[in-house]
Amino acid sequence: MRNYTKHYINGEWVESTGSETEDVINPAAEEVTGRISMGTQEDLDRAVQAARDAFPSFSTTTKEYRAELLENIAKEYENRKDDLIEVITEELGSPVSMTEKVHYNMGLQHFKETAKQLRDFEFTERRGETLIAKEPIGVSGLITPWNFPTNQTSTKLAGALAAGSTVVLKPAELTPYAAILLAEIFEKAGVPKGVFNLVNGSGETIGNGISSHPGIDLVSFTGSGAVGQKVSENAAKTIKKVALELGGKSPLVILDDADVEKAAKTAVSNVVMNTGQVCTAATRTLVPRSMHEAFIEAVKEVLPKFRVGDPKDENNVVGPLVAQKQWDRVQGYIEKGMEEGATLVAGGTGKPEGLEEGYYVKPTVFTDVRNDMVIAQEEIFGPVMSIITYDDIDEAIEIANDTVYGLAGYVFGEDEEKLKKVAASLQAGRITVNNAKADFSAPFGGYKESGVGREWGDYGIEEYLEVKAILGMPS
Ligand code: NAD
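Predicted model, so just to flag it, every value in this text is computed and none were measured. (Residues numbered from 1 in each chain as written. Predicted model: local features only at pLDDT ≥ 70, side-chain atom pairs only at ≥ 80, totals over all residues. Heavy atoms only, no water.)

The subject of this paragraph is the side chain of His103. Relative to the assigned elements, His103 resides in helix α4 (residues 96–120). A polar side-chain atom of His103 sits 3.1 Å from a polar atom in the side chain of Asn274. (Helix = DSSP H or I, 4+ residues; strand = E, 2+ residues; numbered from the N terminus. Polar contact = N/O pair within 3.5 Å; in protein donor to acceptor, adjacent residues only side chain to side chain.)

The environment of the ligand is made up of 28 residues, and the closest members are Thr144, Glu173, Ser224, Leu246 and Glu379. In this structure, Thr144 approaches the ligand through a main-chain N or O atom, which is 2.7 Å from an oxygen atom. Here an oxygen atom of the ligand sits 3.3 Å away from a polar atom, N or O, in the main chain of Gly223. Look at the ligand: alone it shows 850 Å² of surface, and the protein chains cover 89% of it. Elements supplying a minimum of two residues to the shell around the ligand: α7 (203–212), β11 (218–222) and α8 (225–236). Its residues assigned to classes, the shell around the ligand comprises 13 nonpolar, 10 polar and five charged. Three or more residues apiece are contributed to the shell around the ligand by two domains, here domain 1 (2–246 + 449–471) and domain 2 (251–439). (Near = heavy atom within 4 Å. Areas by Shrake-Rupley, 256 points an atom, 1.4 Å probe, with all protein chains shown as cover. Nonpolar A, V, L, I, M, F, W, Y, C, P; charged D, E, K, R; others polar. Domains from an automatic or database assignment.)

Residues Ile73, Phe111, Leu157, Phe186 and Phe196 are the most contacted members of the largest nonpolar core, which totals 59 residues. Broken down by secondary-structure element, the contributors of at least two residues to this core are α1 (41–58), α2 (63–79), α3 (81–92), α4, α5 (151–163), β9 (166–170), α6 (177–189) and β10 (196–198). By residue number, the principal contributor to this core is α6, which donates 10 residues. Here this core spans two domains, since at least three of its residues come from each of domain 1 (2–246 + 449–471) and domain 2 (251–439). Each residue touching Phe196, except ones within four places of it in the same chain, is listed here: Tyr8, Leu157, Val167, Leu169, Ala183, Phe186 and Val191. (Core = buried A, V, L, I, M, F, W, Y, C linked by side-chain atoms within 4.5 Å. Buried < 20%, exposed > 50% of the residue type's maximum accessible area, 1.4 Å probe, protein only. Contact = heavy atoms within 4.5 Å.)

Our next topic: empty space enclosed by the protein. If you walk through the whole model with that rule in mind, you get six cavities of 30 Å³ or more. By volume, the largest cavity amounts to about 80 Å³. Looking at the largest cavity, it is lined by 17 residues, and the ones nearest its centre are Pro251, Tyr405, Gly406, Ala408 and Gln427. Within the residue set of the lining of the largest cavity, elements represented by two or more residues are α13 (393–401) and β18 (408–412). Of the residues belonging to the lining of the largest cavity, the class tally is seven nonpolar, seven polar and three charged. Taken as a whole, the second largest cavity spans an internal volume of roughly 50 Å³. For the lining of the second largest cavity, the residue count by class is four nonpolar, three polar and two charged. (1 Å grid on protein atoms, 1.4 Å probe; cavity = no way out; pocket = protein on both sides within 12 Å on 5 of 7 lines; lining within 4 Å. Points joined across faces, edges and corners; volume = space filled by probe spheres on them.)

All right, on to the pattern of salt bridges then. Counted by the stated rule, this structure contains 25 salt bridges. Notably, a salt bridge pairs Glu90 with Arg2, separated by 2.9 Å at the nearest N-O pair. Linking Glu90 in helix α3 with Arg2 in strand β1 (residues 2–4), this pair joins segments that are 88 residues apart in sequence. Using a relative accessible area of 18% as the deciding quantity, one classes Arg2 as buried. As a salt-bridge pair, Lys468 and Glu135 come within 3.1 Å of each other at their nearest N and O atoms. A residue pair is termed long-range when its members are at least 10 positions apart, and Lys468 in strand β21 (residues 465–470) and Glu135 in strand β7 (residues 130–136) qualify at 333 residues. The network of salt bridges with shared partners includes Arg2, Glu86 and Glu90. (Salt bridge = Lys/Arg side-chain N within 4 Å of Asp/Glu carboxyl O.)

Another point: the environment of Glu416. Among the secondary structure elements, Glu416 is positioned in helix α14 (residues 416–425). The exposure class assigned to Glu416 is exposed, which follows from its relative accessible area of 58%.

We now examine the sheet that holds strand β17 (residues 384–390). The mixed open sheet is built from seven strands, whose spatial order is β15-β16-β17-β14-β13-β18-β19. Two strands in the sheet have a free side with no partner beyond their single neighbour: β15 (343–348) and β19 (430–433). Sheet twist, expressed as the mean angle between neighbouring strand axes with direction ignored, is 15°. Where β18 meets β19, four bridges bridge the pair, whose relative direction is parallel. (Pairing = 2+ DSSP bridges. Axes fitted to C-alpha atoms, helices over the stretch in contact; angles between N-to-C directions.)

For the rest of this paragraph, the subject is the domain arrangement of the protein chain. The accessible area lost on association of the parts is a frequent measure of interface size. For the protein chain, the assigned domains are domain 1 (2–246 + 449–471) and domain 2 (251–439). Just the C-alpha atoms count here: the centres of domain 1 and domain 2 sit 30 Å apart. Opposite the 26 residues of domain 1 that make contact, domain 2 presents 31 residues. Where domain 1 touches domain 2, the interface holds one salt bridge. Across the pair Lys351 and Glu30 runs a salt bridge whose closest N-O atoms are separated by 3.6 Å. Across the contact surface, domain 1 and domain 2 share nine residue pairs in polar contact (both at pLDDT 80 or more).

So this is what it looks like as structure tokens:
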């Protein structure tokens, strides 16, 4: 049993001032694996005060010092590789191979890439007699979700520390272990006391506490749209800068010259990755009408190859959902799709055969989906694909953009003019052409209701800066 009942405040592991704890559940076994403290307002106040006290000194360190600090964190993070993989597999139910390739690696790359970008980052610019200076904003409050326990925390922490901001982090209650390891990593890497503070707890107390706190200058939130709105409302009262990374309902546009088998594999892997609990998942698959039948056959062929089961088994690529609540939610959407008249191609309600224990779902594919159906408009956060047919590329673009979201978009095919046209026309912050590999220097964030602001690399550093113009500054 993991007994993580302390918070990390001002460089020390301290007892909570309250007595409430919450169990952490392994979603593959439906078993309690440990517990965390549910922090109090008093815990949060102490953390904010520590971050405020550390700010004057940390904010005036050189960028070389902070780049080295991030590099030390990256080294220490690598030293804790096995531990990180173990806890993320356990708390999230992510298959071990995926935990290493995606979760572990993304966290690492954010520290490395941000350190690299920081070394070249210009904090001042001269325009004649005017000096433009970019200065750390102050204390940042970071609130993160459960679906990518190291990616979301690391991108925010790397950006904030690179800028010279001090932080208070509240990770998700469902997956708190990875953040506790990060605190240990930061301590070992020599992050000065008070620069990084971790308070576990509920959204109600610590989440609302952060977004309303007069001692916090910026709140960076990743999570659902409904909570993002609440964060903005609270933050407005003290005019905090707000960065929001919210949900998505991203389209994958398959062109009519695409290789149908490769297109099906791309579509399926994108939807089942992390058991569909991915904000950028391409859950609306737009297929040319002429390719529809062949595409369905190819999807049926490829889907069983993505094995569902025990996350500790290296051969499995799809684990359980994170919690019973998510399982119920995904079942509700699958039922809704059937009620709405979409045609079930694969999967459906209930658990996969032989996987009665654990929050497993059947990877599910619907076709004959209209874009105005609930399953095509709302974020399901499970491995559920909606296939929508189109007749020409303009119609595909119109359907793709007919959503309140704008986080990501994908296009797959051969014709370069069409690839460019679709990529340029999709209203979203991150477009991927033909399975392009990850780029940690590229900005990440959403259009429309998918969010405000950008993370990753130098754009992620900008998020934590204020801009000062000094007119008549002697050189
Ligand atoms: P959530 O909004 O329920 O919770 C996110 C975090 O907010 C948690 O730490 C939670 O405790 C906290 N929280 C809850 N109530 C709060 C409140 N009133 N004030 C402040 N904080 C509060 O989201 P979730 O279920 O953990 O994550 C899933 C959602 O996150 C999905 O919608 C997904 O698309 C989104 N997401 C977005 C991105 C992105 O980068 N755009 C990345 C991952 C996940």
